[in-house]
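Letter by letter, the chains look like this.
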Amino acid sequence: MSVLVYAEHDNATLNKVTLSVLAAAKEIGGDITVLVAGKGCGAVAEEAAKAEGVSKVLCADNDAYEHQLAENIAELVAEVGADYKHILAAATTTGKNFAPRVAALLDVAQISEISDVVDGDTFRRPIYAGNAIATVKCADEKKVITVRGTSFDGVAAEGGSASVENLDVVKDSGLSSFVNEELAKSDRPELTSAEIVISGGRGMGNGDNFEILYKVADKLGAAVGASRAAVDAGFVPNDMQVGQTGKIVAPNLYMAVGISGAIQHLAGMKDSKVIVAINKDEEAPIFQVADYGLVADLFEAVPELDSKL
Amino acid sequence: MKVLVPIKRVIDYNVKVRVKADNSGVDLANVKMAMNPFCEIAVEEAVRLKEKGVVTEIVAVSIGPKAAQEQLRTAMALGADRSILVETDEEIQPLGIAKALKAIVEEEKPEMVILGKQAIDDDNNQTGQMLAALTGMPQGTFASEVNVEEGKVKVTREIDGGLQTVELKLPAVVTTDLRLNEPRYASLPNIMKAKKKPLDVKTPADLGVDMTPRVTIEKVETPAERKAGVMVGSVDELVEKLKNEAKVI
């Protein structure tokens, strides 16, 4: 029994979500190997080697893996994965992109976004935007799984001392190439790992008005998110979307400002420990999931909140 | 070029789902069904490419029960030229669906397959990637922009950190994200015209594919309800509660 965990990273540092995937791997049981694929990603491999419970790190450092192109990564993971019973990746846009491709290459099912490990064959996962939780059992010899990071408390980042082995496997399909990337730059914490998230919806009116949320966020050390309505309206970029098909967050405190609370939005945040809703419509469905609701004009309430923190 | 657009019949996105009392699944009896929203975006993108003169033929395909013909008629009302239903009443899962689609791809030889990134029922987000792997095609998932050039397509993808653009050799698979376009509504004359467009019905056996499910659903449960919260009367009260009661700030 052994588990292969695919490391999520930006070639410089290990993304914290990998620690959550390692926690899921630990629950499955067996020896854990981490695969780091990228370019100039040696520091990531060293970081992964220190994570709790890791026995071995495989580092595939090559131009072909620099941008995590699914065609190349899937071929690599399918080949390396031949020796493992479980192959795990984070349910991020990277993991969701290549993991089904790996499963198809291996002719096995892929189990998406698990939120619980029951045993090595059985997992729980949300379906219908989290309105139902399915317990699924996979009959395939090998399991390819993506893990919902917010459902597992990450293992310790330090304390381990796994060996790092360089992997000289180059898979370059030649079918796809990287053109460019526009990555959001922010000094605020990352949405999916922030302790506090403050999100704005259609009620914000426009992108400039998000400034009042940024002010509060900076006082609280919070990340800023948005509903689909706010992203579709062009107020803020897509990487801020919280919901069924956006990011799934589960912070200690989630503040929904001017968000009505469509089921697709609730799917992305209802596992938050404490939910605050500020909305001028007292009938808004968001109040049904909020621990603390305030019926108020957000343009008065948010600046007042800012002044009182 | 020819484009294949696989679509799925799912519960309407406005319907609040109920888990069956025996925990065997979700109650779909007498529930409004519709085309999966991401599939509508896929149809729309194909139609826009046809309007631009890039695409010459759009073939919609669905795998599922006889009733999925309704969604194929909708796709044709929106602009698909013809459609194929691979009819089955058995439970179908992404790998089996991808295998059936591969067989259709081999028959139809499209230069591009455009499909939704995920279905809003099982939230799997797998079929496009699996089809790409099985057919050896490159993939542009979670697309927010698609630009076809000579022999290749540039796809801008919505990723966690922002946007990424990749270039794929054709034929390729593209899966749609929310911001790719805003689907149109079918006009009445087009709905009438769609009734006369060809709709072929096949079976998995005709395609020679094994669609046996690999995953069994042991049970389906309602998630834990959140406890009812309280309404606060002022920002002061909210701050006080967050500090002293919830202790989160």
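Residues numbered from 1 in each chain as written. Chains lettered and ligands numbered in written order. Predicted model: local features only at pLDDT ≥ 70, side-chain atom pairs only at ≥ 80, totals over all residues. Heavy atoms only, no water.

Re the packing of helix 4 (residues 93-105) of chain A against helix 4 (residues 127-135) of chain B
Filter applied, for reference: Here, axes are lines fitted to C-alpha atoms. For helices the fit covers the stretch in contact, and angles between N-to-C directions go from 0 to 180 degrees. Helix numbering and strand numbering both begin at the N terminus, where a helix is a DSSP run of H or I of at least 4 residues and a strand a DSSP run of E of at least 2. For classification purposes, angles smaller than 35 degrees are called roughly parallel, those larger than 145 roughly antiparallel, those between 65 and 115 roughly perpendicular, and all remaining angles oblique. In this scheme the handedness of a crossing depends on how the near helix is turned from the far one: anticlockwise by less than a right angle means left-handed, clockwise means right-handed. Residues count as neighbours in contact if any of their non-hydrogen atoms are within 4.5 Å of one another. Residues are sorted three ways: Asp, Glu, Lys and Arg are charged, Ala, Val, Leu, Ile, Met, Phe, Trp, Tyr, Cys and Pro are nonpolar, and all the rest, Gly among them, are polar.
Contact pair helix 4 of chain A / helix 4 of chain B: the axes reach a minimum separation of 8 Å and the direction vectors enclose 45°. The angle between the axes of helix 4 of chain A and helix 4 of chain B places the two elements in the oblique class. The handedness of the crossing between helix 4 of chain A and helix 4 of chain B comes out as right-handed. Here Lys96(A), Asn97(A), Pro100(A), Arg101(A), Ala103(A), Ala104(A) and Leu105(A) of helix 4 of chain A come into contact with helix 4 of chain B, specifically with Gln129(B), Met130(B), Ala132(B), Ala133(B) and Leu134(B). Residue composition of the contact of helix 4 of chain A with helix 4 of chain B, by class: eight nonpolar, two polar and two charged.

A look at the pattern of salt bridges
How we decide: A side-chain nitrogen of Lys or Arg and a carboxyl oxygen of Asp or Glu constitute a salt bridge if their distance falls within 4 Å. Think of it in three bands: with a 1.4 Å probe and only protein chains considered, a residue is buried below 20% of the maximum accessible area for its type, exposed above 50%, and partly exposed in between.
Considering all chains together, one arrives at 37 salt bridges over all chains under this definition. A salt bridge links Asp177(B) to Lys117(B), with the shortest nitrogen-to-oxygen separation between them at 3.2 Å. Of this pair, Asp177(B) sits in the loop between strand 10 (172-176) and helix 5 (188-194) while Lys117(B) sits in the loop between strand 6 (112-116) and helix 4, and the two are 60 residues apart along the sequence. For the pair Asp177(B) and Lys117(B), one class covers both residues: buried. Several salt bridges converge on common partners, so that one network encompasses Asp107(A), Asp140(A), Lys99(B) and Arg214(B).

Considering the UniProt feature "domain: Electron transfer flavoprotein alpha/beta-subunit N-terminal" (unreviewed entry) in chain B
Selection rule: UniProt positions are given in the numbering used here, feature names are shortened, and annotations may be inferred rather than shown by experiment.
With numbering matched to this structure, UniProt assigns "domain: Electron transfer flavoprotein alpha/beta-subunit N-terminal" (unreviewed entry) to residues 23-211 of chain B. The distance from the first to the last C-alpha atom of residues 23-211 of chain B is 24 Å, and the span holds 32% helix and 31% strand.

Some remarks on the sheet that holds strand 12 (residues 196-200) of chain A
Defined as follows: When DSSP finds two or more bridges between two strands, those strands count as paired.
Spatially, 13(A)-12(A)-14(A)-15(A)-16(A)-13(B) is the arrangement adopted by the six strands of the open sheet, whose pairing is parallel. For this open sheet the edge positions go to strand 13 (223-226) of chain A together with strand 13 (230-232) of chain B, each flanked by a neighbour on one side alone. The average angle at which neighbouring strand axes cross in this sheet is 20°, direction not considered. Most of the contacts of helix 8 (residues 298-308) of chain A go to strand 14 (residues 253-257) of chain A, to which it runs at about 145°, and overall it touches strand 14, strand 15 (274-279) and strand 16 (292-295) of chain A.

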